[in-house]
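Inside the fold
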Amino acid sequence: ALARQPQKKVFMFYHITDTHINKSALMKEVVAQINSLPVDVAFVVHTGDLVLGSDTKTIFNALKQYDSYLIGEYGLKYPIFYVCGNHELANTRHAVRHPEHDFYAKGIFRHRYGPTVFSFDWADVHFIALDGQQVQPEGAYTYYNDDIQLGWLEKDLALLPEGKPIVIFQHEILSKNLDKYLEGKNVIAAFGGHSHRTWTRPFKGFTNYIVAAVCGGWWGMQNRDGRPQGFQLTSIKDDKLENFVFLNRKGHNAISNFTPLGNNILKGEQEFVFSVLDYGKPLEIAAELDGKPFAVEKKSQA
């Protein structure tokens, strides 16, 4: 049943992506970590690739992966919203495909989680989930937003008052055919995953943030940018993106680097940017280089 829930204008949410689950125990670890962190968030968003790879499986084995994810996620104490990723497209890359089956392609995802394109409001912010992969008649998939989806997006945006803050979620980087729909809108950020590394791309007046994977290198190693397996905590204040920090899948780490990332080779003078989570307690920050202390500039605190 529906129940009223207060929604504060200053709030945080967890952005997780690319869990690639085929064993429920792995997702149980992620849920235990999220539940144990001493941070009160409004909700969780998963930007796709929930399962290891239902696209290469039979319908039956694709369902088994979805079941493993669902069992592992049981007990998450926050509301969660789902974006469809390419590895949710059941049976589309298997040697024997069954496109006539109700669970083929996005069928299982829709059966379990509802539409692949939707929007919701939290406090004064409008959140939009888009679907950036389209299944082809010969199987597999390509990355773009189809005309039906774009028509829906145009109508959804038309309902918003002028200046309404907007956040967009899509599994992969936003495609250029979204330009004309988003131009002039107050989009404060877009978030996604897919590439298992952290990077950003400027869009029409906002930044598209791609976040490293919870599974890292498919549960075997770090993400491609050197970041550990983990997820992002994002803060919104006064209808604007305030800051975010990348958290390890295990342990209450308090600091993550934003620039430069671990896979960069650097020379000369460089600026390093770190985000620090203080868990609501006073925190002193100090830094050393080659055993010698140096000053740290603190630009903001939330």
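That block above? That's the structure.
Residues numbered from 1 in each chain as written. Predicted model: local features only at pLDDT ≥ 70, side-chain atom pairs only at ≥ 80, totals over all residues. Heavy atoms only, no water.

What follows is about the nonpolar core. Among the nonpolar cores identified, the biggest contains 42 residues, and Tyr14, Ile34, Tyr69, Phe231, Leu233 and Leu247 are the most heavily contacted of them. Elements supplying a minimum of two residues to this core: β1 (11-16), α1 (24-36), α2 (59-73), β3 (80-82), α3 (107-113), β12 (230-237) and β13 (240-248). Ranked by residue count, the leading element in this core is α1, at five residues. What Tyr69 contacts, discounting residues up to four positions off in sequence, is Thr19, Ile21, Met27, His46, Leu50, Val51, Ile80, Tyr82 and Tyr113. In this structure, Phe118, Ala123, Val125 and Ala129 belong to the second largest nonpolar core, which totals 21 residues. (Core = buried A, V, L, I, M, F, W, Y, C linked by side-chain atoms within 4.5 Å. Buried < 20%, exposed > 50% of the residue type's maximum accessible area, 1.4 Å probe, protein only. Helix = DSSP H or I, 4+ residues; strand = E, 2+ residues; numbered from the N terminus. Contact = heavy atoms within 4.5 Å.)

Strands sit in the order β4-β5-β8-β9-β11-β10 across an open sheet of six strands; the sheet is mixed. Each of the sheet's edge strands pairs with one partner strand only, and the pair in question is β4 (118-122) and β10 (199-202). The mean angle between the axes of side-by-side strands here comes to 20 degrees, regardless of whether they run parallel or antiparallel. Where β10 meets strand β11 (residues 207-210), four bridges bridge the pair, whose relative direction is antiparallel. Within the sheet, the bridge partner assigned to Thr200 lies in β11 and is Tyr209. Sheet strands in contact with helix α4 (residues 147-158) are β4, β5 (125-129) and β8 (166-169), and its direction is about 175 degrees off that of β5. (Pairing = 2+ DSSP bridges. Axes fitted to C-alpha atoms, helices over the stretch in contact; angles between N-to-C directions.)

The N-to-C vectors of α1 and α2 enclose an angle of 35 degrees; their axes lie 7 Å apart at closest approach. At the point where α1 passes α2, the crossing takes the right-handed sense. Contacts from Ser24, Met27, Lys28 and Val31 in α1 reach Ser68, Tyr69, Ile71, Gly72 and Glu73 in α2. Residue composition of the contact of α1 with α2, by class: four nonpolar, three polar and two charged. (Left-handed = near helix turned anticlockwise from the far one by under 90°. Nonpolar A, V, L, I, M, F, W, Y, C, P; charged D, E, K, R; others polar.)

This paragraph deals with the sheet that holds β12. Taken in spatial order, the five strands make up an open sheet running β3-β2-β1-β12-β13, and their pairing is mixed. Since the sheet does not close on itself, it has two edges, and those belong to β3 and β13, each with one partner. Going across the sheet, the axis of each strand differs from the next one's by a mean of 25 degrees, ignoring polarity. Where β1 meets β12, five bridges bridge the pair, whose relative direction is antiparallel. From the neighbouring strand, Tyr14 faces β12, where its bridge partner is Leu233. The strands that α1 touches are β1, β12 and β13; relative to β1, the one it contacts most, it runs at about 165 degrees.

We now examine α2. In an α-helix, one turn spans 3.6 residues; hence positions three or four apart end up facing the same way. Given a rise of 1.5 Å per residue, 15 residues ought to cover 21 Å, and the 21 Å separating the end C-alpha atoms of α2 matches this to within 8%. Among the structural elements, α1, β2 (43-46), β3 and α3 are those in contact with the buried residues of α2. Phi turns positive one or two residues past the end of α2, at Gly75, with a value near 100 degrees. (Expected span 1.5 Å × (residues − 1).)

With that settled, consider the environment of Gly280. Within the secondary structure, Gly280 is located in the loop between β15 (273-276) and β16 (287-289). In this structure Gly280 comes out as exposed when scored by relative accessible area, which is 70%. Distance from Gly280 to Cys84, taken between C-alpha atoms, is 34 Å for residues 196 residues apart in sequence.

Okay, unusual backbone geometry next. The phi torsion at Asn91 lies on the positive side, around 75 degrees, for a residue other than glycine. Positionally, Asn91 belongs in the loop between β3 and α3. Take Asn91: its relative accessible area is 0%, and that puts it in the buried class. If you check the backbone angles, His194 has positive phi at about 85 degrees while not being a glycine. With respect to the helices and strands, the residue His194 is situated in the loop between β9 (187-192) and β10. Of the residues examined, His194 reaches a relative accessible area of 26% and is grouped as partly exposed.

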